[in-house]
Amino acid sequence: MAVRIRLAMHGYRHNRIFHMVAIDHEARRNAKPIETLAVFDPRVKLGETQKTVQWSVDRIKYWLEKGARPSESAVKLMTMVCGLLKQELEERGSSTVRG
């Protein structure tokens, strides 16, 4: 089974929350994932100055080591929030890594 790391959309229109999930590559966007790796809320809440991202770096690294291929949007989120995984993705020679 080929596994992808990609974003699943949840929530109401204009109030979306994105889950970064490990999922079978043939499954639809919001299908039941193998594992939820991160939660990204792009909206800034009242009284806060930053967007919220909660993720498990250990589990993301685990899936990357097992051969999971991240989608372009997942790579963009990982490198935008913290470049922590960019080096690992470049070492693996992933075709989805961008500058």
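None of the values given here were measured: they were computed from a predicted structure. (Residues numbered from 1 in each chain as written. Predicted model: local features only at pLDDT ≥ 70, side-chain atom pairs only at ≥ 80, totals over all residues. Heavy atoms only, no water.)

Enquirer: Honestly, unusual backbone geometry in this entry has me stumped. Any pointers?
Expert: Glycine aside, residues mostly have negative phi, and peptide bonds are mostly found in the trans state. For His 14, which is not a glycine, the phi torsion comes out positive at approximately 65°. With respect to the element layout, His 14 can be found in the loop between strand E1 (3–12) and strand E2 (15–24). On the basis of relative accessible area, His 14 is assigned to the exposed category, the value being 63%. (Helix = DSSP H or I, 4+ residues; strand = E, 2+ residues; numbered from the N terminus. Buried < 20%, exposed > 50% of the residue type's maximum accessible area, 1.4 Å probe, protein only.)

Enquirer: Would you explain the nonpolar core in this entry?
Expert: Generally speaking, nonpolar side chains in soluble globular proteins are found buried as a group. Among the nonpolar cores identified, the biggest contains 15 residues, and Ile 5, Met 20, Leu 37, Ile 60 and Trp 63 are the most heavily contacted of them. Where this core is concerned, the elements lending two or more residues are E1, E2, strand E3 (35–41), helix H1 (57–65) and helix H2 (72–81). (Core = buried A, V, L, I, M, F, W, Y, C linked by side-chain atoms within 4.5 Å.)

Enquirer: Can you help me understand the sheet that holds strand E4 (residues 52–55) in this one?
Expert: The strands making up a sheet associate through backbone hydrogen bonding, with each pair oriented either parallel or antiparallel. In space, the five strands of this open sheet follow the order E4-E3-E2-E1-E5, with mixed pairing throughout. Single-partner strands in this sheet number two, and they are E4 and strand E5 (69–70). When E1 meets E5, the two strands line up parallel, connected through two bridges. Bridge assignment links Ile 5 to a residue of E5, and that residue is Pro 70. Where H1 meets the sheet, its contacts fall on E1, E2, E3, E4 and E5, and the angle it forms with E3 comes to roughly 125°. (Pairing = 2+ DSSP bridges. Contact = heavy atoms within 4.5 Å. Axes fitted to C-alpha atoms, helices over the stretch in contact; angles between N-to-C directions.)

Enquirer: I tried to follow the packing of aromatic side chains on my own but got confused; where do I start?
Expert: Two aromatic rings are characterised by how far apart their centres lie and by the angle between their planes. Overall, the coordinates contain two aromatic pairs when judged by the stated rule. For the pair Tyr 62 and Trp 63, a centre-to-centre distance of 5.4 Å together with 80° between the ring planes defines the contact as edge-to-face. Owing to a relative accessible area of 13%, Trp 63 belongs among the buried residues under this scheme. A cation over a ring is seen here: Arg 59 above Tyr 62, with NZ or CZ 4.3 Å from the ring centre. (Phe/Tyr/Trp six-rings, centres within 6.5 Å; stacked < 30°, edge-to-face > 60°. Lys NZ or Arg CZ within 6 Å of the ring centre and 35° of its normal.)

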